[in-house]
Amino acid sequence: MSRLLSSALLLRRDPRILKLPPYLSFLCITIGVLWLLLLPLDDYSRRTYISENALLPGQVHTYFGGSEQNVFRAYSHELDSIAHKSNYEINDRLEGILKGVGIKVGRQKYTYFSAGEEYSGENVYGILQAPRGDATEAIVLVAAWKGIEGNLNRNGVALALTLVRYFQRWSLWSKDIILVIPPDSRTGTQAWVDAYHDAHDADNIAALPLKSGALQGAIAIDYTSGHRFEGIHIIYDGTNGQLPNLDVINSIVNIAGGQMGTQTAIQDMKHSTNSYSDRLWTMFRGMLYQGLGSSAGPHSSFIPYHVDSVTLQPYGEGWHDEMTMGRIVEGTFRSLNNLLEHLHQSFFFYLLMQRDRFVSIGTYLPSAMLLSANFTIMAIFLWVKSGQTGPSPRPAKEAPAPAVPVPVPEKDMDELEPKVNNSDDSTQTVERDLLPPLSVVAVCLAISLLPLFVFNKLPAAMLLPAFTMFSLASAILPSVATHLLNTLLTPTPQHFQLTKSFSLLILGMSLATLATLNFSLAFLVGVLSTPLTFVRPTRSPMIRYLLAGSLSACAPSVVISVVARLWNLSLTDLLREASFGWNVSGMYTPVVVWCVWWPAWVVGMINVLGRAEQ
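Values in this document were obtained by computation on a predicted structure and should not be read as measured data.

Concerning the overall build of the protein
Consideration 1: Helix and strand counts for the protein come out as 20 helices and 11 strands.
Consideration 2: Burial statistics for the protein: of 614 residues in total, 50% are counted as buried.
Consideration 3: Within the structure as shown, the protein displays about 28,600 Å² of accessible surface, and the carbon and sulfur contribution to it stands at 61%.
Consideration 4: Separation between the mean location of the 44 positive side-chain charges and that of the 48 negative ones in the protein comes to 4 Å.

The following block contains the structure:
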């Protein structure tokens, strides 16, 4: 045992061990990226299936159609007559229609403020009480007056009214059915869901006069086109990357394809094939939307409250009409009506490659964890290295003195031997100066609160000038910080090693935690932050500025500008959407960008531009 311990101590002190961590970090990054690229293959993904047998999708005959088409057309003409009236006048007419059907009606006013703009309106909703229920559970049907793209959702609202009138005649419902008609797809739905769960701001959002039981699911209809369609686009991305139970999507795909002969699509891949490239592109699109964390439609407001929901949106030109859409909604509601308990058996964390192929969290999570582990490995490596100096100088050999035999006891020889070996050891331990590195990292983290506050509070007209000024200040800040360090103290290699170690440790821990909540956001930030692992101070001015230029290309402000250009959006619109998500939907992506990624980038630039005194 003693020989094993001594061998371990010698191995720990072996300088060759300290050469491994950078290679291990690079290996983690490479395997993490390759792992993700392998997921679309058949060997790593699975076909979807229904976990909750009680759903029985497509097992019932749907009766919506026939004379209901005449009712739909009558409602469509009536909605055309009020299309250009105010929100309150429209709600007056909708309330009359719902009361005429025999449904209890409630209305709710709300006001939101974001980017200097006011979002106000009034929701109208009706509750169809279940003949066989006790008002303990409910299913929600949402049809916003304006669709996701801001167009009039005439067919969607008309179809929802027709469906509720149709559902009212059936006695099979064991759950209440709630029809919600908000003035738009985002603010109105958010206000209604928050108030339903008593999580609203009472000063700006009114309480609901009527309520039912726990919400078991929600389906939103976004049917703005006036012609026949080819298929149904299923939008399922929730706020902050949260997703509905996979059984809901699988049920709709099963009902639409198996019973109605209707195509379904996800992530705007409306003519996707079974090829590797299409699967990969579908997965990347899903990761991008999940990573952004913004609201994708009316359904997104329900998912944070564990209410599984999706938005159905017709696409293309084909032979399907509103009756097909109505039967799909009816079949889905009949399946949800069968549930005896909340959906829990299927997956809540998944990546869809196609509408019928997915990977679960146990398969894809290691890729993000490997990226975060790369930062932690380098942080530990720099901490160990900061406590050591180079090889201790060996004393010059002198001429041997005449040998004089001196008897030494055997036990004393055992005590002296390791001391002799240690005197020739490769490194020496030094004391760490922690205050300057901790101060640098703490100041960068504190400054990061400034862009988080500014970009979420400024009016829209000032967002672009503020972003431009911040981008310039962000580019200058590392140089100013380096100059202050050189003025106030004499930085040593140990200071830069510890500064980078603390920063990478925080980054690695944050991304590892985030990966379990929003895998895509953690992976994207991890990939964009990988250059921070390998940058360090250098004596060569050419290499220093080359590294600084490369690192500047990965700056958060630069990446945001590139993303806006790729999406053909103005920076003002992108920043306004981010502010809207923060103020209305509770989106936490700005926290990750400005308070996790940006301070780590600033510390990385300080390490690149720094000049350590030996």
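Overview of the sheet that holds strand 11 (residues 357–360)
Backbone hydrogen bonds are what pair the strands of a sheet, in a parallel or an antiparallel way.
Consideration 1: An order of 1-11-10 is seen for the 3 strands of this open sheet, with the pairing classed as antiparallel. Every interior strand has two partners, whereas the edge strands, strand 1 (46–47) and strand 10 (350–354), have only one.
Consideration 2: Where strand 10 meets strand 11, 4 bridges bridge the pair, whose relative direction is antiparallel. Residue pairing in the sheet places Leu352 in a bridge with Phe358 of strand 11.
Consideration 3: The strands touched by helix 8 (residues 276–292) within the sheet are strand 10 and strand 11, with strand 10 carrying the most contacts at an inclination of about 145°.

A word on the nonpolar core
Consideration 1: Of all hydrophobic cores here, the largest spans 68 residues; its most connected members are Leu39, Met283, Leu351, Phe519, Trp594 and Ile606.
Consideration 2: Looking at this core element by element, the count peaks at 15 residues for helix 20 (residues 589–609).
Consideration 3: Among the domains, domain 1 (16–36 + 367–388 + 434–609) and domain 2 (82–355) are the pair contributing at least three residues each to this core.
Consideration 4: Ignoring anything within four residues of it in the chain, the contact list for Phe519 reads Leu36, Met287, Leu351, Tyr364, Leu365, Ser367, Ala368 and Leu514.
Consideration 5: By size, the runner-up hydrophobic cluster in this structure holds 65 residues, among which are Val105, Trp173, Tyr223 and Leu243.

A few points about the sheet that holds strand 4 (residues 137–142)
Consideration 1: The 8 strands lie next to each other as 2-3-5-4-6-9-7-8, forming an open sheet whose pairing is mixed. Each end of this open sheet is capped by a strand with a single partner; those strands are strand 2 (104–114) and strand 8 (263–266). Taken over all neighbouring pairs, the strand axes of this sheet differ in orientation by 25° on average, direction set aside.
Consideration 2: Inspection of the sheet shows strand 7 (residues 229–235) paired to strand 8 by 4 bridges, in the parallel sense. Residue pairing for strand 8: Ile232 is matched across the bridge by Thr264.
Consideration 3: Along the sheet face, helix 5 (residues 154–167) touches strand 3 (117–128), strand 4, strand 5 (176–181) and strand 6 (214–221) and points at about 160° away from the line of strand 5.

Here we look at the pattern of salt bridges
Consideration 1: Per the stated rule, a full pass over the model turns up 18 salt bridges.
Consideration 2: In this structure, the salt-bridge partner of Glu68 is Arg169, at a minimum N-O distance of 2.9 Å. Pair noted here: Glu68 is in helix 3 (residues 68–81) and Arg169 is in the loop between helix 5 and strand 5, with a separation of 101 residues, a long-range link.
Consideration 3: Judged by relative accessible area, which is 2%, Glu68 ranks as buried.
Consideration 4: Notably, a salt bridge pairs Asp92 with Arg107, separated by 2.6 Å at the nearest N-O pair. Pair noted here: Asp92 is in helix 4 (residues 87–101) and Arg107 is in strand 2, with a separation of 15 residues, a long-range link.
Consideration 5: Judged by relative accessible area, Asp92 falls into the partly exposed class, the value being 45%.
Consideration 6: Because the salt bridges share partners, they merge into one network encompassing Asp92, Glu95, Lys99, Arg107 and Glu122.

The rules behind these values
- Numbers given to residues run from 1 along each chain, matching the order in which its sequence is written.
- Totals for whole chains, interfaces and linings use every residue, but because this is a predicted model, local features are given only for residues with pLDDT of at least 70 and side-chain atom pairs only at 80 or more, for both listing and counting.
- Side-chain metrics in this entry use all non-hydrogen atoms of the structure; hydrogen atoms and water are not considered.
- By definition, any uninterrupted DSSP run of H or I lasting at least four residues is a helix, any uninterrupted run of E lasting at least two residues is a strand, and each is numbered from the N terminus.
- The buried label applies to any residue whose accessible area, calculated with a 1.4 Å probe on protein chains only, is under 20% of its type's maximum; exposed applies above 50%, and partly exposed to all values in between.
- Residue exposure ignores everything except the shown protein chains as possible cover, and the areas themselves are Shrake-Rupley values with a 1.4 Å probe.
- The charge count includes Lys and Arg as positive and Asp and Glu as negative, but it does not include His or the ends of the chains.
- For the purpose of locating charges, the reference atoms are NZ of Lys, CZ of Arg, CG of Asp and CD of Glu.
- Strand pairing is assigned whenever DSSP identifies at least 2 bridges connecting the two strands.
- We call two residues contacting when some pair of their heavy atoms lies within 4.5 Å.
- Note on definitions: angles span 0 to 180 degrees between N-to-C directions of axes, and those axes are lines fitted to C-alpha atoms, for helices only across the stretch in contact.
- In these notes, a set of buried Ala, Val, Leu, Ile, Met, Phe, Trp, Tyr and Cys residues joined through side-chain atoms within 4.5 Å is what counts as a nonpolar core.
- Domain extents, as shown, originate in an automatic or database domain assignment.
- The term salt bridge refers to a pairing of a side-chain nitrogen on Lys or Arg with a carboxyl oxygen on Asp or Glu at a separation within 4 Å.

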